[in-house]
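# Results of the structural survey
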Amino acid sequence: ESQAVVTSISLGFNIGTWIIDGNTIWITDYEQPIIHRFDAISGREVTSFTLDVEPTGLQGVALGAGSLWVALRDLPEGVARVDPATGEVLQRYPAFASHVVASDEVVWAAGFDSGEVHRIDPRSDEVTATAELTAPLSNLALVDDGVWATNPQHGEVYRLDDRARVVDTYPVPGAWYLAAGDGRMWAAGEEERTVDGIDLLTGEQVTFDIPRSVNDVAEGAGLLALAMPRQMEDVLVGLTGEILRIG
């Protein structure tokens, strides 16, 4: 494993979010109701779909139960079920949404400003439960027995069961990002330079100090990956002599 960058993709639009499904990358357009499909190996765009919805942009996207689930920005019927082969909108759901996670059994959607988390049954095509949390909600993470959500403003991580009931709340300063893996839920803020691991069975919480702020977290193969933006220390590396700082 060389850890080298295999390919990069240049985009001509603002990203809502993206997911990987095998060799396919699905990317939503934040400004327009367009979903783009890219080949993860070549980095080339395979196709794109313009959704038949009101003028809006897209945010969250997830894949489950044979469909794409897309968050339509600022619309009261803000979750769309989309055929990944044709781009046809199969169903709309009454929920303001910015984030979506899905499996073959359940779909969860949350609104950043509404503070609501909705459970959708993909078999009955109905919203079966709604939790009213404290806005803003910045992220969702799916687990076997429910879903987790973050509130960066209040520094809280919520654990919800499969009926959308809050069963635990954990303090995580600036909590913005979530990733589940290796028996833990990992949470991090953008500026706090810490990452918290919460045991999914016991609820035990451990905080780790990290050297930089975080842009995202992901877990895989027993490892935790942290996306860290370029910072002033990187720019100053190798410079000698006096440095003028203007604040």
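Reference entry: report on the structure contained in this document. These figures come from a predicted structure and were not determined experimentally. (Residues numbered from 1 in each chain as written. Predicted model: local features only at pLDDT ≥ 70, side-chain atom pairs only at ≥ 80, totals over all residues. Heavy atoms only, no water.)

On to the environment of Ser42. You can see Ser42 is positioned in the loop between β3 (34-39) and β4 (45-50). Judged by relative accessible area, Ser42 falls into the partly exposed class, the value being 36%. Taking the C-alpha atoms as reference, Ser42 lies 29 Å from Ala80; in sequence the two are 38 residues apart. (Helix = DSSP H or I, 4+ residues; strand = E, 2+ residues; numbered from the N terminus. Buried < 20%, exposed > 50% of the residue type's maximum accessible area, 1.4 Å probe, protein only.)

Read from one edge of the open sheet, four strands run β13-β14-β15-β16, paired in antiparallel fashion. With one partner strand each, in any of the chains shown, β13 (139-143) and β16 (166-171) form the two edges of the open sheet. The sheet shows a mean angle of 20° between the axes of neighbouring strands, taken without regard to direction. As judged from the five bridges shared by β13 and strand β14 (residues 146-151), these two strands associate in the antiparallel manner. Bridged to Leu140 within β14 is Ala149. (Pairing = 2+ DSSP bridges. Axes fitted to C-alpha atoms, helices over the stretch in contact; angles between N-to-C directions.)

This part takes up the packing of aromatic side chains. Scanning all chains against the criterion turns up six aromatic pairs. Judged by centre distance (5.7 Å) and plane angle (35°), the ring pair of Trp69 and Tyr93 falls under tilted. Taken together, the positions of Trp69 in strand β6 (residues 67-72) and Tyr93 in strand β8 (residues 89-93) put the pair 24 residues apart, joining distant regions of the chain. Across this residue pair, the class does not change: Trp69 and Tyr93 are buried. Put simply, the rings of Phe112, Trp176 and Tyr177 touch in pairs and so form one group of aromatic residues. In this arrangement the basic side chain of Arg73 is found over the ring face of Tyr30, its NZ or CZ atom lying 3.8 Å from the centre. (Phe/Tyr/Trp six-rings, centres within 6.5 Å; stacked < 30°, edge-to-face > 60°. Lys NZ or Arg CZ within 6 Å of the ring centre and 35° of its normal.)

In short, the description is geometric, and any link to function would need to be established separately.
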